[in-house]
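Spelled out from the first residue to the last, the chains are:
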Amino acid sequence: GENVEQHPSTLSVQEGDSAVIKCTYSDSASNYFPWYKQELGKRPQLIIDIRSNVGEKKDQRIAVTLNKTAKHFSLHITETQPEDSAVYFCAARTGNQFYFGTGTSLTVIP
Amino acid sequence: NAGVTQTPKFRILKIGQSMTLQCAQDMNHNYMYWYRQDPGMGLKLIYYSVGAGITDKGEVPNGYNVSRSTTEDFPLRLELAAPSQTSVYFCASSNSGGNTEAFFGQGTRLTVV
């Protein structure tokens, strides 16, 4: 089955700096890659996603890139703010299954 | 449109007790999932369903059972609760298109003592 690896597991950045989280996947049949943000004690919520026929997608300060050949995708957050502090999960969807990374705990230091 | 609704939000069980975690969605999604999330860890799939009357085991099904009698509801049953089942449980749903997100419920924090 699919295997999704996520790095780093923890990340601290100064407010205003950029943060990058990277994921790799193993199954070339995966065709949809969502990113979720989970604040403490809350449910995971979608922040951005990318489909396999797209290489890059941007939404304000958040962008995601996908390299299908290398089977990796990344989340980029620019101009980080304290409210960006949370756990971020990448995922790959193959058919009816979602495979999640192990999460990155992002801390933005004011 | 409430999305995915889970009850209860919190529960404490004694070892050996049983309980059912309720999950309902009003988005007419075919696919529903149960995950558990241990502290500092990712999401592990317990069971999933691709439609009413169909359920399949995920990565960590032991100690749990599910049923899917309607499109809307997907309850998770814990039989003979054990301390190892202390976790946060999330129900999620998605539609059957291959390129759409999973929507999560608010979670149930379960402690087995």
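Parameters at a glance
Every residue gets a number counted from 1 within its own chain, in the order that chain's sequence is written. Throughout, the order in which chains and ligands are written sets their labels, letters from A for the former and numbers from 1 for the latter. For a predicted model such as this one, the threshold for reporting local features is a pLDDT of at least 70, and the threshold for listing and counting side-chain atom pairs is 80 or more; totals across whole chains, interfaces and linings nevertheless cover every residue. Working from all heavy atoms in the structure, the side-chain values ignore hydrogens and water. The helix count covers DSSP runs of H or I at least four residues long, the strand count covers runs of E at least two residues long, and both are numbered beginning at the N terminus. For this measure, only C-alpha atoms enter the radius of gyration; the expected value for a globule follows 2.2 Å times N^0.38, where N is the number of residues. Here's how the labels work: a residue is buried when its accessible area is under 20% of the maximum for its type, exposed when over 50%, partly exposed in between, all with a 1.4 Å probe on protein chains only. In this analysis, two residues are considered to be in contact whenever any of their non-hydrogen atoms come within 4.5 Å of each other. Residue exposure ignores everything except the shown protein chains as possible cover, and the areas themselves are Shrake-Rupley values with a 1.4 Å probe. Residues counted as positive are Lys and Arg, residues counted as negative are Asp and Glu, and His and the chain ends are not counted. Where a charge lies is defined by one atom per residue type: Lys uses NZ, Arg uses CZ, Asp uses CG and Glu uses CD. Each pair of strands is called paired provided DSSP finds at least two bridges between the two strands. Every angle, taken between N-to-C directions, lies between 0 and 180 degrees, and every axis is a line fitted to C-alpha atoms, over only the stretch in contact when it is a helix. By definition, the buried area sums, over both parts, the 1.4 Å-probe accessible area that each loses when the two are put together. We define a salt bridge as a side-chain nitrogen of Lys or Arg found within 4 Å of a carboxyl oxygen belonging to Asp or Glu. Each polar contact in these results corresponds to two N or O atoms within 3.5 Å; when the atoms are within protein, one needs to be able to donate a hydrogen and the other to accept it, and residues that are neighboring in sequence are counted only if both atoms are side-chain atoms. Buried residues of nine kinds, namely Ala, Val, Leu, Ile, Met, Phe, Trp, Tyr and Cys, make up a nonpolar core once their side-chain atoms join them within 4.5 Å.

Enquirer: Now, about the overall build of chain A: what can you tell me, with residues and values included?
Expert: Looking only at helices and strands, one finds 0 helices and 11 strands in chain A. Taken from N to C terminus, the helices and strands of chain A fall in the order β-β-β-β-β-β-β-β-β-β-β. The C-alpha atoms of chain A give a radius of gyration of 13 Å, which matches the 13 Å a tight globule of 110 residues would have. Along the first, second and third principal axes, the C-alpha atoms of chain A reach 40 × 25 × 20 Å. Sorting the 110 residues of chain A into buried and exposed places 44% on the buried side. Counted over contacts in chain A with a minimum sequence separation of 6, partners at least 24 positions apart contribute 52%. As displayed, chain A has an accessible area near 5,400 Å², and 46% of this comes from carbon and sulfur atoms. Charge-centre separation for chain A: the mean point of 11 positive side chains lies 7 Å from the mean point of 12 negative side chains.

Enquirer: Any chance you could break down the sheet that holds strand β1 (residues 4-7) of chain B for me, citing the residues and the numbers?
Expert: All names here are of chain B. Strands sit in the order β1-β3-β8-β7 across an open sheet of 4 strands; the sheet is antiparallel. Across the chains shown, the open sheet's two edge strands, defined by having one partner strand only, are β1 and β7 (64-66). Pairs of neighbouring strands in the sheet enclose a mean axial angle of 20 degrees, with direction left out of account. Across 3 bridges, strand β3 (residues 19-25) lies against strand β8 (residues 76-78) in antiparallel orientation. What sits directly across from L21, in β8, is L76.

Enquirer: Give a detailed account of the pairing of strand β5 (residues 45-51) of chain A, specifying residues and quantitative values.
Expert: Residues and elements named next belong to chain A. Across 6 bridges, the pairing between strand β4 (residues 32-38) and β5 is antiparallel. Residue pairing in the sheet places Y36 in a bridge with L46 of β5. Linkage of β4 to β5, two consecutive antiparallel strands, is achieved through a turn of 6 residues, within which G41 is found at a positive phi near 75 degrees.

Enquirer: Residues and numbers for the interface of chain B and chain A, please.
Expert: Contacts between the two partners involve 24 residues from chain B and, on the opposite side, 17 residues from chain A. When residues of chain B are sorted by the area they lose upon contact with chain A, N99, E101 and F104 of chain B head the list and together hold 28% of the total. Across the contact surface, chain B and chain A share 0 salt bridges. For the interface between chain B and chain A, the tally reads 8 residue pairs in polar contact (both at pLDDT 80 or more). Contributing elements (two or more residues each) for the side of chain B that touches chain A: β4 (31-37), β5 (43-51) and β9 (87-94) of chain B.

Enquirer: I'd like to hear about the nonpolar core, residue by residue, with values.
Expert: General note: in soluble globular proteins, nonpolar side chains tend to be found buried as a group. Grouped together as the largest cluster of nonpolar side chains are 23 residues, with contacts concentrated most on W35, F73, L75 and L106 of chain A. The set of elements that each furnish at least two residues to this core consists of β2 (10-14), β3 (19-24), β4, β5, β7 (62-67), β8 (72-77), β9 (86-94) and β11 (104-109) of chain A. The greatest single-element share of this core, amounting to 4 residues, is contributed by β9 of chain A. With residues up to four places along the chain from it excluded, the contact list for L75 of chain A reads A19, V20, I21, W35, I47, I48, I62, A63 and Y88 of chain A. Judged by nonpolar contacts, the second largest core, of 20 residues, contains L21, Y47, L78 and V112 of chain B.

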